[in-house]
Amino acid sequence: RAMCSNMCSKSRPQPKSMRFESFAQEYPDAIAVQFPVSLDTHNPYFLNGDADHPVNLWKWTTATNKAIEINAYGLEGWTAQEGSTVSVKSHFRFGRYSLILRRAFKGGDDDIQFQTGRPIPIAFNVWDGYHGETGNKKSISSWFTLWLDE
């Protein structure tokens, strides 16, 4: 039995690369999924649209674990929508988030109206609160193409 004390324990320590230390962050982590409000015009500017070509953002943050819908008209022109219909399922494990954002195909007047069988532009904004990212300090993507099937 003495030989088994280290090798037979029920829980083995996690490798150092998988350990996560809990700490308080000054800014929350967040992600926003971005779509053009209209699929019938050219792609808006990938950095939150512009005055003539707004985008619909679904923004989730660790501060609330909820998603809000925003219409953006550039970096400074953001308007939060009342009563978001985007639902959230999130999970944090081993220092990584998994996130599912979900909404019906048809949204409100200022929302993207999803359609099957056609390309839908999609872009991402990510805020790493641990590294002080907040507001316009964030990581961004250009447009990707999303195809939906029924």
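Scope of this entry: the structure provided in the associated data block. (Residues numbered from 1 in each chain as written. Predicted model: local features only at pLDDT ≥ 70, side-chain atom pairs only at ≥ 80, totals over all residues. Heavy atoms only, no water.)

### Description of the overall build of the protein
Then step 1. Broken down by element type, the protein carries zero helices and nine strands.
Then step 2. Classification of the 150 residues of the protein by burial places 29% in the buried group.
Then step 3. As displayed, the protein offers around 10400 Å² of accessible surface, 53% of which is attributable to carbon and sulfur atoms. (Helix = DSSP H or I, 4+ residues; strand = E, 2+ residues; numbered from the N terminus. Buried < 20%, exposed > 50% of the residue type's maximum accessible area, 1.4 Å probe, protein only. Areas by Shrake-Rupley, 256 points an atom, 1.4 Å probe, with all protein chains shown as cover.)

### Digging into the nonpolar core
Then step 1. Phe-35, Trp-58, Leu-101, Ile-112, Phe-114 and Ile-120 are the most contacted members of the largest nonpolar core, which totals 13 residues.
Then step 2. Broken down by secondary-structure element, the contributors of at least two residues to this core are strand S1 (30-36), strand S2 (55-61) and strand S7 (120-127).
Then step 3. If you look at the next biggest cluster of nonpolar residues, it comprises nine residues, including Ala-32, Leu-57, Ala-72 and Ala-123. (Core = buried A, V, L, I, M, F, W, Y, C linked by side-chain atoms within 4.5 Å.)

### Considering the packing of aromatic side chains
Then step 1. Under the defined criterion, the tally for this structure stands at eight aromatic pairs.
Then step 2. Ring geometry for Phe-35 and Phe-114: centres 5.1 Å apart, planes at 90 degrees, overall edge-to-face. Highlighted residues: Phe-35 in strand S1 and Phe-114 in the loop between strand S6 (96-102) and S7, separated in sequence by 79 residues. Summarising the burial analysis for this pair, Phe-35 and Phe-114 share the class buried.
Then step 3. An angle of 70 degrees between the planes, with centres 5.5 Å apart, marks the rings of Trp-60 and Tyr-97 as edge-to-face. Of the two residues, Trp-60 is situated in strand S2 and Tyr-97 in strand S6; the sequence distance between them amounts to 37 residues. (Phe/Tyr/Trp six-rings, centres within 6.5 Å; stacked < 30°, edge-to-face > 60°.)

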